[in-house]
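# Commentary on secondary and tertiary structure
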Amino acid sequence: MNEQPLFKDGVVGDRMNRVDGRLKVTGAAQYSAEYQLPGLVHGFLVGSTIAKGRIKSIDTKAAERAPGVLAVITHVNSIKVPGFANRSQPDEPPTAGQPLRVFHDEKILFNDQPIAIVVADTLERARYAAGLVKTQYEADQHATNFNAHMDRAKVPAQAKKNPKSPQADHDRGQVDGYKTAPVKLEMEYVIPTEMHNPMELQSIIAHWEAPDKLTVYDKVQAVKGTQRAFAKDWGIPEQNVKVIATFVGGAFGNGLHNWPHETAAIIAAKTVNRPVKLVLTREQMFTMVGYRPYTWQRIGIGATPDGKLVGITHEATGQTSTYEDFTESTVQQTRMMYQSPNISTRYRILPLDISTPIWMRGPGEATGAFALESAMDELAHALNLDPMEFRLRNYTDTDPDNGKPWSTKYLKECYQMGAERIGWKNRQMQPGTNKQGDWLVGYGMGVGTFGANRGSAKAGARMLANGTVVLQSATTDIGPGTGTVMVQLAADALGMPPEKVRFELGNSLFPDAPSQGGSATVNTVGSAVVAACAALKEKLYQLAGSTFSAAKPADIVIKGTQLSLANNASAKVAYADLIKQNNGQEVAVVTESKPGNERQKYSMYSFSVHFVEVHVHQLTGEVRVKKMVACADAGTIVNHKTAGNQMLGGAVGGIGMALTEGAMIDDRFGRYVTKDLADYHVPVHADAPAIEVAFVDKPDLIVDPMGTKGIGEIAIIGAAPAIANAVFNATGKRIRELPITPDKLI
Amino acid sequence: MADSTPDSKPENPECGHNATRRQFLKQSSVLTALAFTPGPVVQAAAAEWDEKIAAPFEKVGLKLAVNGKNYKLSVEPRVTLLDLLREQLHLTGTKKGCDYGQCGACTVHVDGKRVNSCLALAVMQDGREITTIEGLAKGDDLHPMQEAFIKHDGFQCGYCTPGQIMSAVACIREGKADSEGEIREFMSGNICRCGAYPNIVAAIQEVKTGGQKV
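Residues numbered from 1 in each chain as written. Chains lettered and ligands numbered in written order. Predicted model: local features only at pLDDT ≥ 70, side-chain atom pairs only at ≥ 80, totals over all residues. Heavy atoms only, no water.

## Structural notes on the overall build of chain B
Formally: Secondary structure elements are defined from DSSP: runs of H or I of at least 4 residues count as helices, runs of E of at least 2 residues count as strands, and each element is numbered from the N terminus. The cut-offs for exposure are 20% and 50% of the maximum accessible area for each residue type, with area from a 1.4 Å probe on protein chains only; residues under the lower value are buried, those over the upper are exposed, and the others partly exposed. Should any heavy atoms of two residues lie within 4.5 Å, those residues are counted as being in contact. Only the protein chains shown count as cover for residues, and all accessible areas are computed by the Shrake-Rupley method using a 1.4 Å probe.
Helices and strands together make up the secondary structure of chain B, namely nine helices and five strands. For chain B, buried positions account for 53% of its 214 residues. Taking all contacts inside chain B whose residues are at least 6 apart in sequence as the whole, residues at least 24 apart take part in 53%. Counting only carbon and sulfur atoms, one obtains 55% of the accessible surface of chain B, whose full area is about 9,800 Å².

Structural data, given as structure tokens:
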């Protein structure tokens, strides 16, 4: 392990403005639905109006005759997708099971399942004609009510196969050991279905450039994964599928799965032999894509009277669809967050007649943290202990789940920074006793953690004749500022000003990189970028021959189109000469970067704490978050401006999770009644208080050479329970089912 | 032969609106004149001329200025200002987030006033001046609000940003930016799912206190 971070005296850590900021504030940034292609036509989807059963007949005649309509495609007349016939799994399954095969057969698996696509010359004509498609069904009895079907919960397939799977039943010490504790509590917690609802609607333009050559402008978080999936579906070589996602208008996990509408557009484009644009409606964003699953949890927790944990049992059941086993790490952090001799975890999934969920920011950890961190607060109250003190008494300096040391863990520093900034000393131990006029004042905290899961990635670096270095990697930027921080990392790795470095992403033709998800982009792709910069210097060094032979590649200084040495400015060479040496080609490299065996030796996690002050109106039950402090141990902070912004966003997401968000199904029809942003309440400006962000900003050089860990998930994990705990402190009312709406408080 | 005349085409009863529209058009003006000559009628049906001839009647003339550029257009009455901008004029800086006026991503200025362009029919904007995000900067010089959004990082994914900026400019113009609380209230029609709200408020406050003309 290196003692020093890789970069000193460079731009890493600076509050640099985003490299794509100008494009975003002028409307020039192009999102998936915004590409102009000759002959482009519009698609509009028709969804089923039953949740389970079969299509008996589908009458498309009127739609076909409507003005401007080019095609109406259903399971009756659809081109057969070659990969559908024998596919049981995509190449890189986000879930186990059989993803919905759109227009493949007459089966209906959820309400508003796409059953037809109308293609017309204008959007208005496609949408109008879609309303003319008439369908008759044979409906089966559907099951969409979670509580009514709890008996159908099952062990996920992969956990059955592999007892070491993180989803498998797990016991440390005594099973349900908490029951032996002198002070013990048992509680149930519920989070409703939550919708990602990124501001950009799911959009795709599908364009068959040749019968075996497909280009899609698609709103995805994985351009390479999407490329592989569509290549397999259509039985064409991977390089024949080009996936473009240069700008992604928010995703939060929603783009980690390929959804039926994408293939619907691709089928339509092949049918009419023209590029087809398909944009989901906001209502379809509730039904045709994934969401955070409704999850029931039970915690049993016990401690000694002096506040030492004796045991925690954490059970969780999350909903999934009938055709895919969606799983997430809901009970993981219970195994590693606190020192406790006895831990039992049980994780189940409950298949219902709804579409498949997908990871939503913080995913299972955020769900699990609501239960665990609420339970810690409840037990602290029962023990008459300050909840931060209770957590400190059970702090652990090694990972209790596997006995390994942490790569780094600065959670205590987070506690201190946060407690000071929120004014934790003003918190009253007795709930309901801090009043300001009609308002009750409360303070709460919640801890979050997420694995620093560096993966493998490739990056390319090319030095242009004008001295600019262009880096490429097939990652995406859904908003965190990936392009900006990669420029900062490359600038420092090359010793060049950031203005002379460019980073390109969101194109499947670029060197391979994983999806943007799981807070792993900077540690994964950043490592590849840094490696590519080193490889570029190595190649320049070799081409320079004897001029630089007394020095090392890292000593090369690039100034404009001149190369020299850091410690010997007289040794110099013009880049133009190196290009000549390189057979007239600009110098370019592609490098792969992989994690080593550090995972065998260390446990690697980011940590966060959210502190909040809430005011609850005594008469109306209105909850106002007055102040939030978000503290994170996320390793090296490459850009405090963009990283701070991510923390703000997670905190705002936590406010939504805690106070406003919940999708509701009318079980009579198995269909969501919350179907737009007036029914489903995401936080608005007026909901967001002053939020302070504090980073420990100490490198973790075990995770990667830059010392980064990850931010996106820990920005939200722990935020919702912090608010729920503050509401309890304010009112004495413990709300265990989110969201905490006023009706639950009055 | 009789079967192929336009009027004897079997109509789907479920296709009421469409049928009525066509029947009406066929019984009027040009098509009525054509109907007196059996030959052309047959040809018209085969080539779907009724469709082609009907088109001009379905569209409405529209003159408007967008970002200082004059347009003379012919649009269907059901086309929203948002879809006109994005799909026909290819000004995609104005964003579609909900189509219900709930998210604010489509905010533009019409004669200087903020409007949710998804709730405004294009044909109702005849003679008006539209300003979109593409028209806010003066050449290469960004509008002070655009500069402030970059400086304060008032966005992440950037999708709601054009709408936020158009509303932010209106917020100051309408005198509703005197305090953080007032700004938050005024701006609550513009959703940012990335949650960059505090930075957006900071950007607006800086422009407001900077006293530059917006």
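Read on for the rest.
## With respect to the domain arrangement of chain A
All names here are of chain A. Applied cut-off: Domain delimitation follows an automatic or database domain assignment. Computed with a 1.4 Å rolling probe, the buried area is the accessible surface lost when two parts are put together, summed over both parts. Any carboxyl oxygen of Asp or Glu within 4 Å of a side-chain nitrogen of Lys or Arg constitutes a salt bridge here. Identification of polar contacts relies on pairs of N or O atoms within 3.5 Å, with a donor-acceptor requirement for protein atoms, meaning one able to donate a hydrogen and the other able to accept it, and with residues adjacent in sequence counted only if both atoms are side-chain atoms. Basically, the charged four are Asp, Glu, Lys and Arg, the nonpolar ten are Ala, Val, Leu, Ile, Met, Phe, Trp, Tyr, Cys and Pro, and anything else, Gly included, counts as polar.
If you check the domain split of chain A, you get domain 1 (21–28 + 455–594), domain 2 (38–361) and domain 3 (390–452 + 597–746). If you look at the interface, domain 1 gives 13 residues, while domain 3 gives 17 residues. Area buried by domain 1 at its contact with domain 3 is led by Pro-480, Ser-519 and Asn-523, which between them contribute 44% of it. One can count zero salt bridges joining domain 1 with domain 3. Applying the counting criterion to the domain 1 and domain 3 interface returns six residue pairs in polar contact (both at pLDDT 80 or more). Elements represented by at least two residues in the side of domain 1 that touches domain 3 include exactly helix 13 (482–494) and helix 14 (521–544). Class assignment for the residues of the side of domain 1 that touches domain 3 results in five nonpolar, eight polar and no charged.

## Re the interface of chain A and chain B
On the chain B side, the residues contacting the 64 residues of chain A number 62 residues. Taken together, the two surfaces of chain A and chain B that pack against each other cover about 5,200 Å², and 55% of this comes from carbon and sulfur. The tally of links from chain A across to chain B stands at seven salt bridges. For Glu34(A), the salt bridge is made with Lys95(B), and the minimal N-O distance between the two is 2.9 Å. The tally of links between chain A and chain B comes to 27 residue pairs in polar contact (both at pLDDT 80 or more). Ranked by the residues each element gives to the side of chain A that touches chain B, the list is headed by helix 17 (residues 640–660) of chain A, at seven residues. Classifying every residue of the side of chain A that touches chain B gives 30 nonpolar, 17 polar and 17 charged.

## What to know about unusual backbone geometry
In this chain, Leu738(A) is followed by Pro739(A) through a cis amide linkage whose omega measures -5 degrees. The residue Pro739(A) is located in the segment after helix 18 (719–731) in this model. For Asn384(A), which is not glycine, the phi torsion reads 55 degrees and is therefore positive. Positionally, Asn384(A) belongs in the loop between helix 10 (363–382) and helix 11 (387–393). In this model, Asp153(B) sits at a positive phi of 55 degrees, which is unusual for a non-glycine residue. By the secondary structure assignment, Asp153(B) is in the loop between helix 6 (144–152) and helix 7 (161–173).

## Notes on the nonpolar core
Nonpolar side chains tend toward joint burial in soluble globular proteins. Rule in force here: By convention a nonpolar core is built from buried Ala, Val, Leu, Ile, Met, Phe, Trp, Tyr and Cys residues, the set being connected through side-chain atoms within 4.5 Å.
Ranked by size, the top nonpolar core spans 148 residues in total, and within it Val614(A), Ile723(A) and Ile204(B) carry the most contacts. If near-sequence neighbours (up to four positions away) are discounted, Val614(A) is found in contact with Leu440(A), Val441(A), Gly442(A), Val623(A), Arg624(A), Val625(A), Lys626(A), Ile723(A), Ala726(A), Val727(A) and Ala730(A). Grouped together as the second largest cluster of nonpolar side chains are 48 residues, Val11(A), Val487(A), Tyr541(A) and Val587(A) included.

## With respect to the sheet that holds strand 2 (residues 53–59) of chain A
Residues and elements named next belong to chain A. Under the convention used in this document: We call two strands paired when DSSP finds no fewer than two bridges between them.
The sheet built from three strands is open, its strands ordered 5-2-7 with antiparallel pairing. Edge positions in the open sheet fall to strand 5 (107–108) and strand 7 (134–139), since each of these has one partner strand only. Pairing between strand 2 and strand 7: six bridges, direction antiparallel. Across the sheet, residue Ile-55 finds its bridge partner in strand 7, namely Tyr-137.

## Things to note about the sheet that holds strand 5 (residues 129–131) of chain B
Residue and element names in this part refer to chain B. To keep it simple, the criterion reads: To get an axis, a line is fitted to the C-alpha atoms, and for a helix only the part in contact is used. The angle between two axes follows their N-to-C directions and goes from 0 to 180 degrees.
Across the sheet, five strands lie side by side as 2-1-5-3-4; this open sheet has mixed pairing. The open sheet has two edge strands, strand 2 (69–75) and strand 4 (113–116), and neither has a second partner. If you compare each strand with its neighbour and ignore which way they point, the axes differ by 40 degrees on average. Pairing geometry for strand 3 (residues 107–110) and strand 5, over two bridges, is antiparallel. Paired with Val-110 across the strands is Ile-130, a residue of strand 5. Across the face of the sheet, helix 7 comes into contact with strand 3, strand 4 and strand 5 while running at roughly 45 degrees to strand 3.

## A look at helix 17 of chain A
All names here are of chain A. What counts, and what does not: By this rule, a helix spans an expected 1.5 Å times one less than how many residues it contains.
Here helix 17 is 21 residues long and its end C-alpha atoms lie 29 Å apart, about the 30 Å a rise of 1.5 Å per residue gives. Taken across its 21 residues, helix 17 has 19 buried, putting it largely inside the fold. You can read the cap of helix 17 off the contacts: a side-chain oxygen lies 2.8 Å from the backbone nitrogen of Lys-641, and it is on Asn-639.

## Side note on helix 7 of chain B
All names here are of chain B. In this model helix 7 runs 18 Å from its N-terminal to its C-terminal C-alpha over 13 residues, within 8% of the 18 Å that 1.5 Å per residue would give. Extensive coverage of helix 7 is indicated by the burial of twelve of its 13 residues. For helix 7, the set of buried residues is Thr-161, Pro-162, Gly-163, Gln-164, Ile-165, Met-166, Ser-167, Ala-168, Val-169, Ala-170, Cys-171 and Ile-172. Immediately beyond the C-terminal end of helix 7, within one or two residues, lies Gly-175, with a positive phi of roughly 70 degrees.

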